[in-house]
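These are the residues of each chain, in order.
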Amino acid sequence: MKKYFGLWSILAIAFIVFFLYSFVGSKSLFGFELKSSKLSQSVIVQVDSLSVLNADTDSIMENVNIKSVFPQPVDTSSQTILFIGDSMLDGLSPRLAAYAKRSGHSLYSVIWYSSNTEQWGKSHRLTEYICKLHPSYIFICLGANELFVKDIKEKRTGYVKSILNEIDTIPFVWIGPPNWKEDTGINDMLKENLPQGTFFVSNGMKFDRRKDGAHPTAESACMWMDSVARWMPNNSIHPIRLTLPDVKTARPNRVFVHYPEK
């Protein structure tokens, strides 16, 4: 092997020299004109290709799409906000009212106790409030009363689409339910049907709960709303100004209350 060592050394040095020269354009070496062999580019491209192949293609495309869309410029103008939903608004609405007051917005909350997407989708109550209040922005919190509905995609997708039709072109954010147990598909169904940048996923967050084990405490609900406010600038398709308030809660301009229909 020793007699071949010198030969192998010469070949190795030659390869290194030509590899280094492949990074540049035409060069002269010992009186000979050298041109880039593109070897370095080939090696690098192959390495990058392997990295891509080993990655999750869906994740790559999702990241590309997200980077091309977000973040959106924050709308700093004053808004007329309509906040609709179920009893979760008992905790969320006062905190959003504090944000609205601090940010120069008007807030109107509509609490329909024990409501769900089916009731809102059938009743067209949202359209009534849109015509009445002319909101420039809408917050929704629905789904807590549908965590355990079987075959929910088949049963409720149409109602979610009906709600979206009523919203039409008004910018909105849908706050997902604060799961206390694993659901049967409500979060997946909402994620599939709501446009990108309009759905805040609450599932997975940790909450201190009231005695019923479902509703977050007042303090925890405030932190929940704070999370939504922090999420909006970089993740909402239409973020609005939500300046951190110097008070814990405030009163909306008006609260409309509806009870379960018998």
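Residues numbered from 1 in each chain as written. Predicted model: local features only at pLDDT ≥ 70, side-chain atom pairs only at ≥ 80, totals over all residues. Heavy atoms only, no water.

**Q** Help me understand the packing of aromatic side chains in this model?
**A** Centre distance and the angle of the planes are the two values used to describe a pair of aromatic rings. Counted under the stated rule, the structure contains eight aromatic pairs. With centroids separated by 6.2 Å and ring planes inclined at 80°, the aromatic side chains of phenylalanine 148 and tryptophan 180 adopt a geometry described as edge-to-face. One end of the pair, phenylalanine 148, is in the loop between strand E5 (137–141) and helix H7 (152–167); the other, tryptophan 180, is in the loop between strand E6 (172–175) and helix H8 (186–193), and 32 residues separate them in sequence. Put simply, the rings of Phe83, Tyr137 and Phe139 touch in pairs and so form one group of aromatic residues. Seen from the ring of tryptophan 112, arginine 125 lies directly overhead, with NZ or CZ sitting 4.2 Å from the centre. (Phe/Tyr/Trp six-rings, centres within 6.5 Å; stacked < 30°, edge-to-face > 60°. Helix = DSSP H or I, 4+ residues; strand = E, 2+ residues; numbered from the N terminus. Lys NZ or Arg CZ within 6 Å of the ring centre and 35° of its normal.)

**Q** Sorry, what's going on with the sheet that holds strand E4 (residues 106–112) here?
**A** Backbone-to-backbone hydrogen bonds pair the strands of a sheet. The strands run either parallel or antiparallel. Read across the sheet, six strands follow the order E7-E6-E5-E3-E4-E8 without closing on themselves; strand pairing throughout is parallel. A strand with exactly one partner marks an edge of an open sheet, and here the two such strands are strand E7 (199–200) and strand E8 (254–258). Of the pairings in the sheet, the one linking E6 to E7 comprises two bridges and is parallel in character. Among the inter-strand pairings, isoleucine 175 is bridged to a residue of E7, identified as phenylalanine 200. Running over the sheet, helix H4 (residues 89–103) touches strand E3 (80–85), E4, E5 and E6 and is turned about 175° from E4. (Pairing = 2+ DSSP bridges. Contact = heavy atoms within 4.5 Å. Axes fitted to C-alpha atoms, helices over the stretch in contact; angles between N-to-C directions.)

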